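Below, each chain spelled out in residue letters.
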Amino acid sequence: GTCGMICCCDGADKRMAKDAQVTEATPFGKTGKAGSATKDAYVEKYELNENKCIQGKCTTDEELCEFLGQNISIDNLQCLVVISSKPAHAYRLPSETATETGIQILGQLVLANAQSLRIFHLNGQRLDWNRSTSLSSSISQCKALQIVDLYDCMLNNDSCLALFDSLKGIPTIKEINFGKNDINAETRSTIQDELSSTYPNIQVIF
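Quick look at the structure, then. Model, not experiment: these values are computed from the prediction.

Now for the overall build of the chain. The helix and strand inventory of the chain stands at eight helices and eight strands. A total of 206 residues make up the chain; the buried ones form 44% of that total. For the chain, the proportion of contacts with a sequence separation of at least 24, taken over those separated by at least 6, is 75%. A total of about 10,900 Å² of accessible surface is found on the chain, and carbon and sulfur atoms cover 51% of it.

And the structure:
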């Protein structure tokens, strides 16, 4: 009677886990090669220069520091994608996120390309008040930024509002993604009201 069970054990779980390592979902509902698919999708959709677009699979301060070192020499970056290598759990250990220092390191890359950066995509991190304030201070300096994606960054109401306040003043901003964060209906309504009354050209996704 156990034969059927044994025959059916074809390692599906391992196969699925492996597939997840080699593919990733893009913001536009497609999947592609892990480590570059998101960047490649932005290049295609917004006709960016692929040599001025980078993607990193960074989680910790050390990984972000290494990423900075590898890419700081590229000038006039148009697209910066950083996706944590850790799966998106509701609770993350400190080792599964960058500290404020790591976010400041990322901010150096943003500031170095403040005149040219059009897309900033950071997923799977922890942006508490100190980290989000640090990110706001660098990202608000951008002069050409159009899209900011902060999906699954453990934002709360206060850090979300702080980031929105710093992003809404960028004249070129078109879209902000606050999806899969801990943001309540009141905060969403506050932002939507401000969009309707003052910033009709900005789309915010929750």
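Following the structure, the description resumes.
Burial of the side chains of strand β3 (residues 53-56) extends over both faces: C53 and Q55 are buried on one face and I54 and G56 on the other. With four bridges connecting them, β3 and strand β4 (residues 79-83) associate as parallel partners. Residue I54 lies in a different strand from β4, and its bridge partner there is L80.

Before going further, it helps to spend a moment on helix α4 (residues 61-71). Residues D61, L64, F67, L68 and N71 constitute the buried set of α4. End-on, the buried residues of α4 take up no more than an arc of 120°, which puts them together on one face. Exposed positions of α4 whose direction lies more than 90 degrees from the buried face are E62, E66, G69 and Q70. On its buried face, α4 sits against β3, β4 and α5 (100-112).

By secondary structure assignment, the location of T187 is in helix α8 (residues 185-197). Given the relative accessible area of 5%, T187 is considered buried. If we skip the residues at most four places from it in the chain, T187 touches N157, C160 and L161.

Turning our attention to the sheet that holds strand β5 (residues 119-123). One key point about sheets: their strands pair by backbone hydrogen bonds, in either a parallel or an antiparallel sense. If you trace the six strands from one edge of the open sheet to the other, you get β3-β4-β5-β6-β7-β8, paired in parallel fashion. Here the strands that pair on one side only, and so sit at the sheet edges, are β3 and β8 (203-205). Pairs of neighbouring strands in the sheet enclose a mean axial angle of 5°, with direction left out of account. Bridging between strand β7 (residues 175-177) and β8 involves three bridges; their strand directions are parallel. When the sheet's bridge partners are listed, E175 is paired in β8 with Q203.

What follows covers the packing of aromatic side chains. Inspection of the entire model under this criterion finds four aromatic pairs. Look at F28 and Y42: their rings are 5.6 Å apart centre to centre, the planes differ by 90°, and that puts the pair in the edge-to-face class. Here Y42 lies in helix α3 (residues 37-46) and F28 lies in the loop between β1 (23-25) and β2 (31-33), a separation of 14 residues in the sequence. The exposure class of F28 is partly exposed, given its relative accessible area of 28%. By way of ring pairs, the aromatic residues F28, Y42 and Y46 are connected into one cluster.

One pass over the full model with this rule turns up five salt bridges. For D165, the salt bridge identified is with K168, shortest N-O distance 3.0 Å. Judged by its relative accessible area of 16%, K168 is buried. For the salt bridge of K168 with E194, the shortest nitrogen-to-oxygen distance reads 2.4 Å. In this pair, K168 sits in the loop between α7 (157-167) and β7 while E194 sits in helix α8, placing the two residues 26 residues apart along the sequence. Taking the relative accessible area as the measure of exposure, E194 reaches 23% and is therefore partly exposed.

Criteria and cut-off values
Residues numbered from 1 in each chain as written. Predicted model: local features only at pLDDT ≥ 70, side-chain atom pairs only at ≥ 80, totals over all residues. Heavy atoms only, no water. Helix = DSSP H or I, 4+ residues; strand = E, 2+ residues; numbered from the N terminus. Buried < 20%, exposed > 50% of the residue type's maximum accessible area, 1.4 Å probe, protein only. Contact = heavy atoms within 4.5 Å. Areas by Shrake-Rupley, 256 points an atom, 1.4 Å probe, with all protein chains shown as cover. Pairing = 2+ DSSP bridges. Arc of directions from axis to C-beta. Axes fitted to C-alpha atoms, helices over the stretch in contact; angles between N-to-C directions. Phe/Tyr/Trp six-rings, centres within 6.5 Å; stacked < 30°, edge-to-face > 60°. Salt bridge = Lys/Arg side-chain N within 4 Å of Asp/Glu carboxyl O.

Spatial relationships are all this shows, so hold off on functional conclusions.
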